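Geometric and topological summary
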Amino acid sequence: MKMGTALIYDEEMTKYKLLWVDPACKIEVPERLIVSHDALVKNGLADRCVTVPVREATETDILLVHSEEYLEAVKKTPHMTLEDLKEFTQQYGDVYFHPNIYHCAKLAAGATLQLVDSVMTGKVRNGMALVRPPGHHSMRSAASGFCVFNNVAIAAQYAKQKYGVKRVLIVDWDVHHGQGVQYCFEDDPSVLYFSWHRYEHQKFWPQLKESDYNSVGKENGAGFNINVPWNKVGMKNSDYLSVFCHVLLPVAYEFCPDLVLVCAGFDSAIGDPEGEMCASPDIFAHLTHLLMNLAGGKLCAVLEGGYNLTSLAQSVCQTVQTLLGDSAPRPANLNGPCKSALESLHCVRSAHRRYWSCLKHAAELPTSDISTKRIKLAEEEEKLEKGEEEKSVEEKLWPEPPKRVTPPIRTALVLPDGVACPDGCSRFSSSEGPDAVIVSRLKENFLKDTDDRDALTTLSSLIALLEKMEKNEVCSGLALVRDVSMAMTCVVQHAAAAPSDRVLVVCVGDAVVPSHGTEDGKTLLVQFSNKQSEEQKSKYYIPVCLKKGCSDVSGFTQAVLGFLLPLGYEYDPSLVLLVRTPDSGLCDGVWQQLTGLLQGLAQGHTLVLMQEGEKACVGPTASSLLGDAAPPLGQLRAPLPEDVAALERLRHILQADWKLLQTTAPETGGGDEC
Ligand code: SS9
Ligand code: ZN
């Protein structure tokens, strides 16, 4: 596979601007696009993309979403005088017109459609369109919030019509609610719209009741509109990841889209004067990565907002670099979601529990309580906020995301003779020959009774590979070994001996797992099996018992998304050791999803161990390690109730230690870091 990433941009879209004084609109400037594109060029990212030209959207395209009357009205704006433009603008909220904006709006929508065409025809795997004006606020017959035509909504309709796409997921990570997108698809179950947005109990623009969590969609579309209101500013990386793990991803995997469209606004990043949030630009690497295994990787990111030019440019680079397949940086300071975010999470999950089987078990929120609680909260907050001293956004400083250093070798394989090395990978054998110290240690610890040359060669190659990964000379690895338990113990012992490293061990299936390192937290071990093991003894040793082991696709997938990922993110390992036993029962597709998702951790440093007999699995695993998208799993059914219960029991026990596992706010006060 390994197809490219499209970049769609045209300088023409910088050629309109606000022509009069309007404090609400002064932040939407041409430089937004210029700095974003310049940063992509400067970082060598633009060059790595496939350049696709823009085009104008046709009237037919625009009419997929907008009314004829509205199109006709906008069509007149290029010929208007300044006074006429001002007056025309008056009828809408927080938007401005310019003689060239109609042209740009057609290019913005057309650029989005060019992106959809490039992805749907397989010219590229994914891509980003840098456009102005943005789109997600514009409605069937109205401009709004700097938006003229709804680029992403048009693209969703277009994809359905032109390519017969059955299900589209729209992820709106802009800090504003894309009410235009919501209105467009409210009663349409073929388009799942997810948006998080600054809300502050309806005090923040566009101040709509229907932006709250209880707007879930209408009629056939009930359940297909997901709003996550942020009721406080200052939301951080943990808050964003928590909502991805506990709402968006479980639902998205259950939905199984054929295409993912992202309303990629970056006003949700730190430094933005509109959002006033505190998520770092590199969080977009993770948000992007987490979506890249849906829809077979067909992802189109389309720029929406983003008004701090520094933060915007950095965030765009993080997104595009991830689309290109480079490993995401280690996520910074994930110390759990704040109380307000957990309140929102709780509300959203409970509002959607009747629509999605992955949320069936979500804690209920008595209907009577919802509205009163909200009012009560709003009042409390108002009181609190009075005395609060706030740092102005301009003062907020954050470090520039570090350059990502791509290892010269992406994926190296330790394979027995006779097993072919898949394309794109390098076969690894330690050139220097096994290190004497290592050999003697291996002999002493693992190969006491045997004089097995092969086993010794494999284990010492494995250690040599591990060292290359530690030195960032190799990104990921895969080894077929005689005995996975032994190899796992060997790797854990070796890695845990390094002074500052943490290893996340994910063991799928029954195997004797090493207890080494779990006492002091140098190793976090999560084992999935159907074996009713002794209960978990330490915060770092977590056996997850699933009724049918790993063979229930839904149960296992939901365990990965809502349990393993948050644990992994909070632990922030420097290495992921992923082990699969021959009896695991896991099918290749799920295994590939797991492998792909885990590469968001440890800068993609994943070492996979599988038993010698599993030759057939080398190809699919290597493909995932190389960054290919995993195949879609199909729409998921309800997980087994026993498995859900087991996971929730574990969550209950562990959430005091692992804050990202939380899905509800603690009952009693205190601990609000927002
Ligand atoms: C300025 C108010 C601006 C409109 C924001 C539209 C953002 C589109 N303080 N309100 S992404
Ligand atoms: Zn916005």
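Counting restarts for each chain: residues are numbered from 1 in the order of the written sequence. As they are written, the chains are lettered A onward and the ligands numbered 1 onward, keeping that order. With pLDDT at 70 or above as the cut-off, local features in this predicted model cover only qualifying residues; side-chain atom pairs require 80 or more to be listed or tallied, and sums for whole chains, interfaces and linings still use all residues. Side-chain figures throughout are based on the complete set of non-hydrogen atoms in the structure, without hydrogens or water.

**Some words on the sheet that holds strand β5 (residues 191-198)**
As summarised here, the arrangement of the eight strands in space is β2-β1-β3-β8-β7-β4-β5-β6, forming an open sheet in which the pairing is parallel. Across the chains shown, the open sheet's two edge strands, defined by having one partner strand only, are β2 (50-52) and β6 (225-230). Taking the axes of each pair of neighbouring strands and ignoring which way they run, one obtains an average angle of 15° across the sheet. For two strands to count as paired, DSSP must find a minimum of two bridges between them. Think of it this way: any DSSP run of H or I at least four residues long counts as a helix, any run of E at least two long counts as a strand, and we number them from the N terminus. Taken together, the five bridges between strand β4 (residues 168-172) and β5 define a ladder with parallel strand orientation. Directly across from L169, in β5, lies its bridge partner L192. Sheet strands touched by helix α5 (residues 101-120): β1 (5-8), β2, β3 (126-129), β7 (259-264) and β8 (299-303). Its angle to β8, the strand with the most contacts, is close to 165°. Sitting on the sheet, helix α10 (residues 309-323) is in contact with β1, β3 and β8, with an inclination near 160° to β3. Axes here refer to lines fitted to C-alpha atoms; in helices the fit is confined to the stretch in contact. Angles between the N-to-C directions go from 0 to 180 degrees. Only heavy atoms enter the contact rule, under which two residues are in contact if any of them lie within 4.5 Å.

**Side note on the environment of Y16**
Position of Y16 relative to the elements: it lies in the loop between β1 and α1 (31-42). In sequence terms Y16 and G127 are 111 residues apart; their C-alpha atoms lie 25 Å from each other. In this structure, Y16 is in contact with E28, P30, Y96, H98, N100, I101, C104, R132 and P133, ignoring residues within four places of it in sequence.

**A word on the coordination of the zinc ion (ligand 2)**
Donor selection uses N, O and S atoms within 2.8 Å of the metal (3.2 Å for Na, K and Ca). Since no water is included, sites may look incomplete. The zinc ion (ligand 2) binds to the protein through D174 (OD), D174 (OD), H176 (ND1) and D267 (OD); the donor distances cover 2.0 to 2.7 Å. Written as a sequence motif, the donor residues of the zinc ion (ligand 2) are D-x1-H-x90-D. Within this pair, whereas H176 is found in the loop between β4 and α7 (179-185), its partner D267 is found in the loop between β7 and α9 (283-291), the two being separated by 91 residues in sequence. For each residue, the accessible area found with a 1.4 Å probe, counting protein chains only, is set against the maximum for its type, and the residue is called buried under 20%, exposed over 50%, and partly exposed in between. Residue D267 is classed as buried on the basis of its relative accessible area, which comes to 0%.

**Some remarks on the packing of α5 against helix α6 (residues 151-163)**
Each packed pair of helices is defined by two parameters, the angle between the axes and the distance between the axes. Interhelical geometry of α5 versus α6 gives an angle of 40° and a closest axis separation of 9 Å. Judged on the interaxial angle alone, α6 and α5 are oblique. Crossing of α5 over α6 shows right-handed handedness. Each of A105, A108, A109, T112, L113, V116, D117 and M120 in α5 lies in contact with α6, whose residues at this interface are N151, I154, A155, Y158, A159, K162 and Y163. For this scheme, ten residues count as nonpolar: Ala, Val, Leu, Ile, Met, Phe, Trp, Tyr, Cys and Pro. Four count as charged, namely Asp, Glu, Lys and Arg, and the remainder, Gly too, count as polar. Across the contact of α5 with α6, the residue classes tally to eleven nonpolar, two polar and two charged. Angles are sorted into four bins: roughly parallel if under 35 degrees, roughly antiparallel if over 145, roughly perpendicular if 65 to 115, and oblique for all others. Each crossing gets its hand from how the near helix is turned against the far one by less than a right angle, where anticlockwise is left-handed and clockwise is right-handed.

**Notes on the site of ligand 1**
We call a residue near a molecule or strand as soon as one heavy atom of that residue lies within 4 Å of the molecule or strand. Inspection of the region around ligand 1 gives 13 residues, with D94, H137, G145, E274 and Y307 positioned closest. In protein, a polar contact requires one atom able to donate a hydrogen and another able to accept it; more generally it is a pair of N or O atoms within 3.5 Å, and residues adjacent in sequence count only if both atoms are side-chain atoms. Contacts to ligand 1 include D94, whose side-chain N or O atom sits 2.6 Å from a nitrogen atom. A distance of 2.9 Å is found between a nitrogen atom of ligand 1 and a side-chain nitrogen or oxygen belonging to E274. Within the complex, 84% of the 380 Å² of free accessible area of ligand 1 lies under protein. Across the shell around ligand 1, the residue classes tally to four nonpolar, five polar and four charged. In this description, accessible areas are obtained by the Shrake-Rupley approach with a 1.4 Å probe, and a residue is regarded as covered only by the protein chains that are shown.

**Let's talk about the confidence of the model for the chain**
As a per-residue quantity, pLDDT reports the predictor's confidence and falls between 0 and 100. Across the chain, the average pLDDT comes to 92, with 92% of residues at 70 or higher. Taken together, the stretch residues 669-674 has pLDDT below 50 and engages in 13 contacts with residues farther than four places along the chain or on a different chain.

**Here we look at the side chain of D552**
You can see D552 is positioned in the loop between β14 (541-545) and α16 (553-571). Looking at D552, its side chain comes within polar contact range of the main-chain nitrogen of G555, at 2.7 Å. With sequence-adjacent residues up to four places away left out, D552 is seen in contact with R637, P639, L640 and D643.

**Some points on the packing of aromatic side chains**
We call Phe, Tyr and Trp rings a pair once their centres come within 6.5 Å, taking the six-membered ring for Trp, and we label the pair stacked below 30 degrees between planes, edge-to-face above 60, and tilted otherwise. One pass over the full model with this rule turns up 24 aromatic pairs. Measuring from centroid to centroid gives 5.7 Å for W196 and W230, while their planes differ by 45°, and the two rings are tilted. Residue W196 is found in strand β5, and its partner W230 is found in strand β6; the two are separated by 34 residues along the sequence. Take W196 and W230: they sit in the same class, and that class is buried. When the centroid spacing of 5.5 Å and the interplanar angle of 50° are considered together, the rings of W196 and F244 count as tilted. On the criterion of sequence distance, the pair formed by W196 in strand β5 and F244 in helix α8 (residues 237-255) is long-range, its members being 48 residues apart. Like F244, W196 is buried. A network of ring pairs unites the aromatic residues Y70, F88, Y92, F97, Y102 and F149 as a single cluster. Geometrically, a lysine NZ or arginine CZ counts as sitting over a ring once it is within 6 Å of the ring centre and also within 35 degrees of the ring normal. R132 extends its terminal NZ or CZ atom over the ring of Y16, reaching a point 3.9 Å from the ring centre.

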